[in-house]
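Fold and contact review
One letter stands for each residue in the lines below.
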Amino acid sequence: MTPQQRTAVVTGAARGIGAATALRLAADGHRVAVLDLEERAAKATVEAIEGAGGTAAAFGADVSDRAAVEAAVGAVTERLGPPTILVNNAGITKDNLLFKMSDDDWDAVMGVHLKGAFLMTRGIQKSMVEAGWGRVVNLSSVSALGNRGQANYATAKAGLQGFTKTLAIELGKFGVTANCIAPGFIASEMTKATAERLGQDWEAFRAARASEIPVQRAGTPEDIAHTVSFFVDERSSFVNGQVVYVAGGPRT
Ligand code: NAP
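Definitions and limits used
- Residues numbered from 1 in each chain as written.
- Predicted model: local features only at pLDDT ≥ 70, side-chain atom pairs only at ≥ 80, totals over all residues.
- Heavy atoms only, no water.
- Helix = DSSP H or I, 4+ residues; strand = E, 2+ residues; numbered from the N terminus.
- Polar contact = N/O pair within 3.5 Å; in protein donor to acceptor, adjacent residues only side chain to side chain.
- Contact = heavy atoms within 4.5 Å.
- Pairing = 2+ DSSP bridges.
- Axes fitted to C-alpha atoms, helices over the stretch in contact; angles between N-to-C directions.
- Salt bridge = Lys/Arg side-chain N within 4 Å of Asp/Glu carboxyl O.
- Buried < 20%, exposed > 50% of the residue type's maximum accessible area, 1.4 Å probe, protein only.
- 1 Å grid on protein atoms, 1.4 Å probe; cavity = no way out; pocket = protein on both sides within 12 Å on 5 of 7 lines; lining within 4 Å.
- Points joined across faces, edges and corners; volume = space filled by probe spheres on them.
- Nonpolar A, V, L, I, M, F, W, Y, C, P; charged D, E, K, R; others polar.

Mapped onto the fold, Ser-127 is located in helix α4 (residues 103-131). A distance of 2.5 Å separates the side chain of Ser-127 from the backbone oxygen of Pro-83, its partner in a polar contact. Beyond its immediate sequence surroundings of up to four residues, Ser-127 is in contact with Pro-82, Pro-83 and Thr-84.

Spatial strand order, β3-β2-β1-β4-β5-β6-β7: seven strands in an open sheet with parallel pairing. The sheet is open, and its two borders are formed by β3 (55-60) and β7 (243-246), each paired with just one other strand. When the angles between neighbouring strand axes are averaged without regard to direction, this sheet yields 20°. Where strand β4 (residues 85-88) and strand β5 (residues 134-139) come together, four bridges link them in parallel fashion. In the sheet register, Val-87 faces β5, and the bridge partner there is Val-137. Sheet strands touched by helix α3 (residues 66-80): β1 (7-11), β2 (31-36) and β3. Its angle to β3, the strand with the most contacts, is close to 160°.

It is worth spelling out the pattern of salt bridges at this point. The final tally for this structure, using the stated rule, is twelve salt bridges. For Asp-28, the salt bridge goes to Arg-24, with nearest N and O atoms at 3.2 Å. Classification of Arg-24 by relative accessible area gives partly exposed; the value is 27%. Among the salt bridges present, the one from Glu-70 reaches Arg-66, with a minimum N-O distance of 3.7 Å. Residue Glu-70 and its partner Arg-66 are both found in helix α3; the two are separated by four residues, about one turn of the helix. Exposure remark for Glu-70: the relative accessible area of 47% places this residue in the partly exposed category.

The subject of this paragraph is empty space enclosed by the protein. Taken as a whole and assessed by the stated rule, the structure comprises one cavity of 30 Å³ or more. Of the volumes computed, that of the largest cavity is approximately 70 Å³. In this structure, the largest cavity is lined by 13 residues; those nearest its centre are Asn-88, Asn-89, Ala-90, Val-112 and His-113. Of all the secondary structure elements, the ones that give two or more residues to the lining of the largest cavity are α4 and α5 (151-171). For the lining of the largest cavity, the class distribution of residues is seven nonpolar, five polar and one charged.

Next up, the structure:
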């Protein structure tokens, strides 16, 4: 079956899991809007996609800012056509133990993960419903199950699971599926920053985490991109409202 070419939006796609996902969706034949805080930062991913023969364009927007999201959705539609694939991947961490966590650190994490996914999905669902086809993939985390020092992040990532299931119920009748990926430990700038914050050498930190994982390795951004590709596939239309832990084990 030759897959139909669609327009996909991947948020936080300048690097890490978002960049790998953008590259994979382009390799799957889709036009990809590479969205990140700064359009400039998204250009390297676009160049990598174009270098591999794919189609992509860079867009800058803070996903937690309604006006910026509306402008970006308009620009994507004009440049690449109405989007019908959305990967809500943009994320930040502001870790601290509860008694030291500031209001700002709570609000920032809720803003990017929860409000960001809400604004992006609300902005793009219209073109999905009009097309009678759509795919939403949200990035949760094993931290949704609870993680020391991450009261804000764990709450947001658990919230994304409820958001996903509600989208699945509301949008299913329009041919739109919504699913969630909860990654475990993935080697990226985000986990490198965690090692730095804990004052640990990156390679030692990575090896220690890998030893706790049943498959005995750290995850890669491509591991997550592969699961996104599965959810987006035309043949996955009966998979809706699910959370898949991609963690080398049940929850590590
Ligand atoms: P990353 O390397 O830190 O990349 C995140 C990207 O999102 C960055 O390019 C960042 O831009 C962008 N971003 C941040 N705030 C944004 C905003 N308001 N609007 C638009 N873009 C924004 O992270 P990653 O490790 O690839 O993680 C990707 C997703 O997977 C996140 O949702 C994360 O929570 C989740 N996840 C990661 C892991 C892991 O082990 N790495 C595990 C579980 C879940 P700037 O560089 O400009 O800040």
